[in-house]
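The primary structure of each chain is shown beneath.
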Amino acid sequence: MNRTKVTNTTKITAQRIVSILALGLFLGTWLLYAFIHYQRHQQFLTYGWDLAVFDPPIYLFSQGKTPFSSLHNTHTLGDHWHPLLLLAGSALYKVWADPRMLLWLESAIAVASAIVIYALAKKVLRQPVLALAISTMYLFSVGFQAMVLDDFHDDVLVTLPLALIFWFLESKSWRGYWLATVWILLTKEEFGLLVAAIGLFLILRYRYFKQGLITIVMGIISFFLLLNIIMPKFAAGTYWKYGYRHYSDTNRPAVVLRRFFNNPRLLITTLIDHPA
């Protein structure tokens, strides 16, 4: 009986130690990336693409003005669809109107996604140490570092809702799942395709046919609705013909899909080969 109590006490103590280490890991990693961002900005190592793309519109929006991008000469929502970033960024700019706030926000959201991954791995694997190891590898992987430290990009902000989607799936919380899905759709316009892919994953992996089909339809409708109707209303002219965009009549989504359908080999070579 005493041996059982000792064993249980040891397990609880070990779990507490792992939890403390996890807390230190997440807080320390965010402070590390935040410090690197601060130093880079102080040394003039942050640039127009894309920090200066977001800083002026968010500042203007925080002052109750139209979030206009002087770099692109258009409304910021005509460049990319990021209404949640506008709201969050403007709230932060009420505290301190400085571009470093955006860099710290980006780091915080990315590190927060690691917290969700840790919790998910801990729930599924039932091995706190292994869950902590997975989170550590994620936080210090080359891809993660390159993503977080490459100035500011709104793509990074999808890491948290994307991680939350899998947490809610594992927890069987459909309310949380749909909220995370909408969050992704409000992060950037092309993430409608990501949402559609998640819907396909639901069907193939979990056999959630109804929820999967709804997710696919939401993603596809959002993608084409934003690009062809909503965003052109904000942009200076038609979105697809907007001057600085790299899109053209030869690489619209419908044209690209038609090309791949007519030439399947092109799809394979595009995925595995580099044009350079």
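These remarks concern the structure in this document. Sequence order sets the numbering: in each chain, residues are counted from 1 along the sequence as written. Under the rules for a predicted model, residues below a pLDDT of 70 receive no local features and side-chain atom pairs below 80 are neither given nor counted, while totals for whole chains, interfaces and linings still include all residues. Excluded from the side-chain calculation are hydrogens and water; included are all heavy atoms of the structure.

## Looking at the overall build of the chain
Item 1. The secondary structure listing takes helices from DSSP runs of H or I that are at least 4 residues long and strands from runs of E that are at least 2 residues long, numbered from the N terminus. For the chain, the helix and strand inventory stands at 12 helices and two strands.
Item 2. Written out in order from the N terminus, the α and β elements of the chain read α-α-β-β-α-α-α-α-α-α-α-α-α-α.
Item 3. Burial here depends on accessible area, computed with a 1.4 Å probe over protein chains only, as a share of the maximum for the residue type. Under 20% is buried, over 50% is exposed, and the range in between is partly exposed. Within the span of the chain, comprising 276 residues, buried residues form 40% of the whole.
Item 4. Contacts in the chain between residues far apart in sequence, at least 24 positions, make up 65% of those at least 6 positions apart. In what follows, a contact means two residues having at least one pair of non-hydrogen atoms within 4.5 Å.

## Details of the packing of aromatic side chains
Item 1. Two aromatic rings, drawn from Phe, Tyr or Trp (for Trp, its six-membered ring), form a pair once their centres lie within 6.5 Å of each other, and the interplanar angle then sorts them: stacked below 30 degrees, edge-to-face above 60, tilted otherwise. Tallied over the entire structure, the rule returns 14 aromatic pairs.
Item 2. Here Trp81 and Phe234 contribute two aromatic rings whose centre-to-centre distance is 6.3 Å and whose plane-to-plane angle is 50°, an arrangement assigned as tilted. Placement of Trp81 in the loop between β2 (74-75) and α3 (83-95) and of Phe234 in helix α10 (residues 209-234) is noted, with a sequence separation of 153 residues between them.
Item 3. For Trp81, a relative accessible area of 14% gives the class buried.
Item 4. Given the relative accessible area of 30%, Phe234 is considered partly exposed.
Item 5. Through a chain of ring-to-ring contacts, the aromatic side chains of Phe166, Trp174, Tyr177, Trp178, Phe201, Tyr206 and Tyr208 assemble into a single cluster.
Item 6. Lying over the aromatic face of Trp167, Lys123 brings its terminal NZ or CZ to 5.8 Å of the ring centre.
Item 7. Whether a charge sits over a ring comes down to the Lys NZ or Arg CZ being within 6 Å of the ring centre and within 35 degrees of the ring normal. Geometry around Tyr206 places Arg205 over its ring, the cationic atom sitting 5.0 Å from the centre.

## Points about the side chain of Thr215
Item 1. With respect to the helices and strands, Thr215 occurs in helix α10.
Item 2. Since its relative accessible area comes to 1%, Thr215 is described here as buried.
Item 3. For Thr215, the contacting residues outside a window of four places in its chain are Tyr177, Trp178, Val195, Ala196, Gly199 and Leu202.

## A look at the packing of helix α4 (residues 100-125) against helix α6 (residues 142-149)
Item 1. At a closest axis distance of 9 Å, the pairing of α4 and α6 adopts a crossing angle of 155°. Accordingly, the angle class assigned to the pair α4 and α6 is roughly antiparallel. Every residue of α6 that contacts α4 at Glu106, Ser107, Ala110 and Val111 is listed here: Phe144, Met147 and Val148. To obtain an axis, a line is fitted to C-alpha atoms, over the contacting stretch when the element is a helix, and the angle between two such axes runs from 0 to 180 degrees between their N-to-C directions. With respect to orientation, any angle under 35 degrees is reported as roughly parallel, any angle over 145 as roughly antiparallel, any angle of 65 to 115 as roughly perpendicular, and every other angle as oblique.

## Here's the deal with the pattern of salt bridges
Item 1. For this analysis, a salt bridge means a side-chain nitrogen from Lys or Arg found within 4 Å of a carboxyl oxygen belonging to Asp or Glu. Counted by the stated rule, this structure contains five salt bridges.
Item 2. The closest approach of N and O atoms between Asp155 and Lys188, which form a salt bridge, is 2.9 Å. Taken together, the positions of Asp155 in the loop between α6 and α7 (159-171) and Lys188 in the loop between α8 (174-185) and α9 (191-206) put the pair 33 residues apart, joining distant regions of the chain.
Item 3. On the basis of relative accessibility, which here comes to 29%, the residue Asp155 falls in the partly exposed class.
Item 4. For Glu190, the salt bridge is made with Lys188, and the minimal N-O distance between the two is 3.4 Å.
Item 5. Assessed through its relative accessible area of 26%, Glu190 is described here as partly exposed.

## Some thoughts on α7
Residues spaced three or four apart along an α-helix face the same direction, because each turn holds 3.6 residues.
Item 1. Relative to the 18 Å expected for 13 residues at 1.5 Å per residue, α7 spans 19 Å between its end C-alpha atoms, a close match to the ideal helical length.
Item 2. Against α4, α5 (128-139), α6, α8 and α9 lie the buried residues of α7.
Item 3. Downstream of α7 by a residue or two, Lys172 has a phi angle that is positive, lying close to 55°. Helix span, as expected, comes to 1.5 Å for every residue beyond the first.

Without other data, these values stay purely geometric and don't point to any function.
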